[in-house]
Amino acid sequence: MTATGDYTIASLDTGLRAMRLFLTHDTLTVSEAAGHLRVGRSTAHRVLSTLESRGFAIRDTSGRGYAAGPELVRLGRPAGFGRAARDRLGPVLEDAAGRTGETVWSVALIGDQVIVTDGRESPHPVRVALELGRTGPAHAGSGGLLLLSRMTADQVCALYPDEGLEAVTPATLTSRTALLDELAVIRRRGYAVSRGASVPGMTTVAVALAGSSWRDRLALVAAAPADRSGDAVLAERAERLRESAALLAPAPPP
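First, a word on what this report is: a plain description of the structure on this page. (Residues numbered from 1 in each chain as written. Predicted model: local features only at pLDDT ≥ 70, side-chain atom pairs only at ≥ 80, totals over all residues. Heavy atoms only, no water.)

**Structural notes on the overall build of the chain**
Within the chain, the regular secondary structure consists of nine helices and nine strands. Within the chain, buried positions represent 41% of all 254 residues. Element-wise, carbon and sulfur atoms account for 55% of the exposed surface of the chain, whose accessible area totals about 13600 Å². A distance of 5 Å separates the average location of the 29 positive side-chain charges in the chain from that of its 27 negative side-chain charges. (Helix = DSSP H or I, 4+ residues; strand = E, 2+ residues; numbered from the N terminus. Buried < 20%, exposed > 50% of the residue type's maximum accessible area, 1.4 Å probe, protein only. Areas by Shrake-Rupley, 256 points an atom, 1.4 Å probe, with all protein chains shown as cover. Lys, Arg positive; Asp, Glu negative; His and termini not counted. Charge placed at Lys NZ, Arg CZ, Asp CG, Glu CD.)

**Some details on the sheet that holds strand 4 (residues 103-110)**
One open sheet accounts for six strands, arranged 6-5-4-9-8-7; its pairing is antiparallel. Pairing within the sheet leaves two strands with one partner each, and these edge strands are strand 6 (135-137) and strand 7 (192-195). Along the sheet, successive strands turn relative to each other by an average axial angle of 30°, direction set aside. Of the pairings in the sheet, the one linking strand 5 (residues 113-120) to strand 6 comprises three bridges and is antiparallel in character. Across the sheet, the residue bridging to isoleucine 115 is threonine 135, located in strand 6. Most of the contacts of helix 5 (residues 83-100) go to strand 5, to which it runs at about 75°, and overall it touches strand 4, strand 5 and strand 9 (218-225). (Pairing = 2+ DSSP bridges. Axes fitted to C-alpha atoms, helices over the stretch in contact; angles between N-to-C directions. Contact = heavy atoms within 4.5 Å.)

**Looking at the packing of helix 5 against helix 9 (residues 231-245)**
Close contact between helix 5 and helix 9 brings their axes to 9 Å; oriented N to C, the two are set at 155°. Relative to helix 9, the element helix 5 is oriented roughly antiparallel. Considering how the two elements wind past one another, helix 5 and helix 9 form a crossing that is right-handed. Contact residues: Val92, Asp95, Ala96, Arg99 and Thr100 in helix 5; Arg237, Arg240, Leu241, Glu243, Ser244 and Ala245 in helix 9. Each residue belonging to the contact of helix 5 with helix 9 can be placed in one class, and the counts come to four nonpolar, two polar and five charged. (Parallel < 35°, antiparallel > 145°, perpendicular 65-115°, else oblique. Left-handed = near helix turned anticlockwise from the far one by under 90°. Nonpolar A, V, L, I, M, F, W, Y, C, P; charged D, E, K, R; others polar.)

**Topic: the sheet that holds strand 3 (residues 65-68)**
Across the sheet, which stays open at both edges, the three strands sit in the order 1-3-2 with antiparallel pairing between neighbours. Single-partner strands in this sheet number two, and they are strand 1 (27-29) and strand 2 (57-59). The mean angle between the axes of side-by-side strands here comes to 35°, regardless of whether they run parallel or antiparallel. Here strand 1 pairs with strand 3 via three bridges, running antiparallel. Across the sheet, the residue bridging to threonine 29 is glycine 65, located in strand 3. Seen against the sheet, helix 2 (residues 30-37) touches strand 1 and strand 3 and runs at an angle of roughly 90° to strand 1.

**Some points on the nonpolar core**
In this structure, Trp105, Val107, Leu109, Leu148, Tyr160, Leu179 and Leu183 are the most contacted members of the largest nonpolar core, which totals 24 residues. For this core, the secondary structure elements donating two or more residues are strand 4, strand 5, helix 6 (142-149), helix 8 (176-189), strand 8 (202-208) and strand 9. When residues in this core are grouped by element, the largest group, four residues, is from helix 6. For leucine 179, the contacting residues outside a window of four places in its chain are His139, Leu145, Leu148, Val156, Tyr160, Leu165 and Leu173. Listed in part, the 22 residues of the second largest apolar core include Leu93, Val207, Leu234 and Ala238. (Core = buried A, V, L, I, M, F, W, Y, C linked by side-chain atoms within 4.5 Å.)

**Observations regarding unusual backbone geometry**
Positive phi values are uncommon outside glycine, yet arginine 38 reaches one of about 60°. Relative to the helices and strands, arginine 38 is located in the loop between helix 2 and helix 3 (41-53).

**What to know about the pairing of strand 8**
The buried fraction of strand 8 amounts to six of the seven residues, a majority that puts the element mostly inside the structure. Both strand 7 and strand 8 contribute to a ladder of four bridges, which runs antiparallel. Within strand 8, the position partnered with arginine 195 by the bridge is threonine 203. Pairing analysis gives seven bridges linking strand 8 to strand 9, with the strands arranged antiparallel. Bridging from a neighbouring strand, methionine 202 pairs with proline 225 of strand 9.

Right, dumping it as structure tokens:
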């Protein structure tokens, strides 16, 4: 993607391109950055120094190059990980597991994928297994659908530039049009449901956890076998999840 039009700010464009270089390079010298950016060494040095001053770059251990700084690392880290986040989410997950009696977990959105960040398993003999760290397509599960519904239609279309979507199971949404329609329903209803769209025989329901932006939003999900998941039960389960989600302590200031 390149900047076009009459409103491009050249220095900002160069800085943004420099930040993108850290996606594919562990370290960069001034000369390497100048070559990739097609600018002079003095310009590359000013850009890298500016990024360093804002925490988006740091000097590497050799002192001759730059690496991704803490701000870039933070932006690339999904919500819900780390000791502080787990400590905040723990009471919510314990409460949700108790209220629903089912396996519960939290998921974060990374692009068009979701990842399970934490959870608690149901005491039922027949239950959905908890798989921490599991990833999957966001459009194929209630947690991902819930998080996508908190985005604008334009943002969703940017994540899904093609009309066709991957079919994980026969129940998965397979078109962007169908996805946008489902997200509109979720926004009106306030919770998301997935019936066998990610795993055959598994039904999940998801509600939103607090978050100030798309970067730090999480979804709270309850998963159960389909035979324990009629429409009325799912609506009640969603309400119980909302009650648990309300217990989430505020995040400390950055």
